[in-house]
Amino acid sequence: VGHCHPDIVKAAHEQNQLLNTNSRYLHDNLVDYAERLSKTLPEKLCIFYFLNSGSEANDLALRLARQYTEHEDVIVLDHAYHGHLTSLIDISPYKFRNLEGQKEWVHVAPVPDTYRGLYREDHENSVTAYADEVKNIIEHAHKRGRKIAAFFAESLPSVGGQIIPPAGYFQKVAEHVHKAGGVFIADEIQVGFGRVGKHFWAFQLQGEDFIPDIVTMGKPIGNGHPLACVATTKEIAEAFAATGVEYFNTFGGNPVSCAVGLAVLDVIEKEQLQAHATEVGNFLMKILKEQQIKHPIIGDVRGCGLFIGVDLIK
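Residues numbered from 1 in each chain as written. Predicted model: local features only at pLDDT ≥ 70, side-chain atom pairs only at ≥ 80, totals over all residues. Heavy atoms only, no water.

1. Re the sheet that holds strand β1 (residues 47–51)
With respect to topology, 7 strands assemble into an open sheet ordered β1-β7-β6-β5-β4-β2-β3, the strand pairing being mixed. Since the sheet does not close on itself, it has two edges, and those belong to β1 and β3 (106–109), each with one partner. The sheet shows a mean angle of 20° between the axes of neighbouring strands, direction not considered. Contacts from helix α3 (residues 54–69) reach β1, β2 (73–77), β4 (148–154), β5 (183–187), β6 (214–217) and β7 (228–232) within the one sheet, and its direction differs from that of β6 by about 165°. Across the sheet, helix α8 (residues 234–241) lies against β1, β5, β6 and β7, angled at about 60° from β1, the strand it touches most. (Pairing = 2+ DSSP bridges. Helix = DSSP H or I, 4+ residues; strand = E, 2+ residues; numbered from the N terminus. Axes fitted to C-alpha atoms, helices over the stretch in contact; angles between N-to-C directions. Contact = heavy atoms within 4.5 Å.)

2. Considerations on the pattern of salt bridges
Two side chains with opposite charge may pair up if their charged atoms get near one another. Scanning the model with the defined rule gives 16 salt bridges in all. With its nearest N and O atoms 3.5 Å apart, the salt bridge here joins Lys-10 to Glu-14. Here Lys-10 and its partner Glu-14 are both found in helix α1 (residues 6–18), 4 residues apart, which amounts to about one turn of the helix. Between Glu-246 and Arg-24 there is a salt bridge, and its shortest N-O distance comes to 2.8 Å. With Glu-246 in the loop between α8 and α9 (255–270) and Arg-24 in the loop between α1 and α2 (28–38), this residue pair connects regions lying 222 residues apart in the sequence. Pair check on accessibility: Glu-246 and Arg-24 agree, each one exposed. (Salt bridge = Lys/Arg side-chain N within 4 Å of Asp/Glu carboxyl O. Buried < 20%, exposed > 50% of the residue type's maximum accessible area, 1.4 Å probe, protein only.)

3. What about the pairing of β6?
Residues Ile-214 and Thr-216 point to one face of β6 and Val-215 and Met-217 to the other, with burial holding for every one of them. Across 3 bridges, the pairing between β5 and β6 is parallel. Paired with Ala-186 across the strands is Val-215, a residue of β6. Note: β6 against β7, 4 bridges, orientation antiparallel. Across the sheet, the residue bridging to Val-215 is Ala-231, located in β7.

4. Considering the pairing of β2
With 5 of its 5 residues buried, β2 lies for the most part within the structure. Because side chains alternate across β2, one face comprises the buried residues Asp-73, Ile-75 and Leu-77, and the other comprises Val-74 and Val-76, equally buried. Pairing geometry for β2 and β4, over 4 bridges, is parallel. By the bridge assignment, Ile-75 is partnered in β4 with Phe-151. One ladder, built from 4 bridges, connects β2 with β3; its direction is parallel. If you follow Val-76 over to β3, its bridge partner there is Val-108.

5. Points about the packing of aromatic side chains
What the rule picks out here adds up to 15 aromatic pairs. On the numbers, 5.0 Å between centres and 75° between planes, the contact of Tyr-119 with Tyr-130 is edge-to-face. Of the two residues, Tyr-119 is situated in the loop between β3 and α6 (126–143) and Tyr-130 in helix α6; the sequence distance between them amounts to 11 residues. Residue Tyr-130 is classed as buried on the basis of its relative accessible area, which comes to 0%. Here the aromatic residues Phe-151, Tyr-169, Phe-170, Phe-184, Phe-203 and Phe-210 are joined through ring pairs into a cluster of three or more. Lying across the ring of Phe-248, Arg-24 places its NZ or CZ 3.9 Å from the centre. The side chain of Arg-66 reaches across the aromatic face of Trp-105, ending 4.4 Å from its centre. (Phe/Tyr/Trp six-rings, centres within 6.5 Å; stacked < 30°, edge-to-face > 60°. Lys NZ or Arg CZ within 6 Å of the ring centre and 35° of its normal.)

6. As for α9
A rise of 1.5 Å per residue sets the reference length of α9, with its 16 residues, at 22 Å; its end C-alpha atoms lie 22 Å apart and thus fit the reference within 8%. When you tally the buried positions in α9, you get 13 out of 16 residues, the bulk of the element. Two or three places before Val-256, at the start of α9, stands the capping residue Asn-254, its side-chain oxygen 2.9 Å from that residue's backbone nitrogen. Directly beyond the C-terminal end of α9, a positive phi value near 50° is found at Gln-272. (Expected span 1.5 Å × (residues − 1). Polar contact = N/O pair within 3.5 Å; in protein donor to acceptor, adjacent residues only side chain to side chain.)

Pasting the structure below:
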């Protein structure tokens with residue numbers, strides 16, 4: 001919502017003057033914020049865990065998935081980056097290929113890129129073809145006695161090249177993953193909170209019939225303040241709680257962080273930033289496409305709202 005936005009600075013300052021403590025102490029801000037966030041999401045995503053960073057959120061999502069499914073393996077998209085913790089480097093091909101390589105429990109699916117990928121715009125059914133790649137990975141894993149805990153993907157792959165997956169791809173993937181006893185995790189850390197314009201969450205671009213089992217949030221959630229969140233279903237949260245090892249985070253969801261989070265949602269609403277993202281994004285796409293006609297080096301211009309990629313080619 002902008003550097004040093006006065007409403008955000010004010011909310012943090014005012015709460016700082018009153019009280020800041022860990023989340024073992026009950027505070028209205030925590031509940032108020034969870035309620036506000038829940039209004040932006042499908043009804044079944046109704047349990048919230050608050051943390052300090054996107055990496056923490058993705059690490060917790062991994063733990064939730066494994067506890068709920070009692071499986072270990074994870075399917076990720078090629079070139080993906082999900083954070084800097086050891087557990088997340090392991091599921092980030094963008095990183096692990098330069099480090100210790102691919103772990104046995106990690107499976108890499110091709111990015112559903114219809115411009116540069118395996119199946120392109122001229123393919124008769126790129127959606128099914130890309131989803132079948134995931135299905136094949138699952139079948140191959142089962143033959144080796146492996147079990148899938150989760151399919152973990154950014155709703156719009158960013159480090160992978162600002163990719164817009166074809167609509168319907170997530171639905172088909174979720175079908176295969178659920179059948180294998182796994183869950184679908186949507187990483188909204190870079191693309192959530194109205195950035196895509198048309199919707200508040202990028203996974204909603206896939207259609208109303210698609211709902212992830214776990215959604216992770218970070219970056220824009222606190223406008224630079226260290227705040228992150230994992231939203232999930234009651235069933236997954238109950239399986240996690242059943243371990244008897246409660247989730248606790250000293251700073252996650254503290255009163256100041258929640259005051260900031262609430263102020264961010266207020267500003268997005270008050271300044272109509274979602275509509276603004278659509279308008280500015282459309283304008284930018286239009287002038288970039290005009291450049292594409294003039295310059296052969298621009299192979300593709302793609303995007304949604306303020307998530308835009310310009311693909312330069314030789």
